[in-house]
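Chains, contacts and geometry: an overview
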Amino acid sequence: MTKLRELRTNAGFTAEQVSAALLIDIRVYDELENGNFEPSVNVLRSLAALLRVPLDKLTGLGWAADRGFAANHSILNNDTTGYWGDVGIELPGRPIEWHPISDQTADALDSHLSSAASGQSIYFETLDNRAIRFFPERTTRLILQDEANDELPNAAPNPLAKIEEDGGLPAVIYRGLTAHAQYDDPVMEVLGEVFMDMIQSLVEDAQIDESTLVSHLTDARFHMEDGSIINLDIDQSAYLELADGSLIASDAATIRLEDEARGTQYLTKSRICLIDMPLTLLTEARYCNRDDDD
């Protein structure tokens, strides 16, 4: 029995529950427990949070990461998925939206921005639970700022500022917060009562308004050129099509979206500056779609 298997059983989880909680294929998780797969720093952080153990309990398994959650862990661990710094996106007439990103994402953004054609959108994922697609020519500017710079100027308000770390939270924490916001019983059951009690305490201690939590964690946000933001509760297929760009790339002048409470919405594509989606819900959509493909 590997140490990970021992830690998992001590926490009261089956392998299937952990893979489902972290949205990892059970075959990949089995390889991880058997020592045949080295997880990223971000997977390690989620494992530590879910199993309620210090990170060094996991990194004693011979994996590369051994320096905890320090802001510069991506450099210390030579892991390009760890925290590098922040990206700031400024839209006309609005404060800058800052998001923590990985070394890998910073390099990809630098490359895409240098070669993006007119009208082309760019997609990236952040470490604070956002999946973002934006049009460079409809933004005022984009800033890449590594973690050595502590100040994030002209920052837009962040509703989770009281609980988020510099490099964002482990992905499983965002999943727990989302399940709490949606009263998603199946997900809460997978994550476990003790873990969800911790999530409840996190929300209460930070005094985060429930409606703000719902809006931030369960809605896709469309930032329009007039400065307005349209929040929509869209389905999984729409998340997938917005992430892969197929919905944006069509020849139609508008995109058609179904909102559970507000009905059918048509948004003019040429007026959209940026689309900001909860990464947790996109990851769940990918996970379910993979199951359908299997």
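Anyway, here's the lowdown on the structure attached to this text. (Residues numbered from 1 in each chain as written. Predicted model: local features only at pLDDT ≥ 70, side-chain atom pairs only at ≥ 80, totals over all residues. Heavy atoms only, no water.)

For strand S10 (residues 272–278), a buried count of 7 out of 7 residues is recorded, marking the element as mostly surrounded by other parts of the structure. By the bridge criterion, 5 bridges tie strand S4 (residues 130–134) to S10 in an arrangement that is antiparallel. Paired with Phe134 across the bridge in S10 is Leu274. Where strand S6 (residues 220–224) lies against S10, 4 bridges are found, and the strand directions are antiparallel. If you follow Arg221 over to S10, its bridge partner there is Asp276. (Buried < 20%, exposed > 50% of the residue type's maximum accessible area, 1.4 Å probe, protein only. Helix = DSSP H or I, 4+ residues; strand = E, 2+ residues; numbered from the N terminus. Pairing = 2+ DSSP bridges.)

For the structure on display, the rule yields 1 aromatic pair. One cation-aromatic arrangement involves Arg138 over Phe135; the distance from NZ or CZ to the ring centre is 3.9 Å. (Phe/Tyr/Trp six-rings, centres within 6.5 Å; stacked < 30°, edge-to-face > 60°. Lys NZ or Arg CZ within 6 Å of the ring centre and 35° of its normal.)

Most of helix H4 (residues 41–51) sits inside the fold, with 9 of its 11 residues counted as buried. Of all the positions in H4, only Val41, Leu44, Arg45, Ser46, Leu47, Ala48, Ala49, Leu50 and Leu51 are classed as buried.

This part covers the environment of Phe195. Topologically, Phe195 is positioned in helix H10 (residues 193–206). Sequence-wise, Phe195 and Leu51 are 144 residues apart; in three dimensions their C-alpha atoms are separated by 8.6 Å. Once residues lying within four places of it in the same chain are set aside, the contact partners of Phe195 are Ala49, Leu50, Val172, Ile173 and Gly176. (Contact = heavy atoms within 4.5 Å.)

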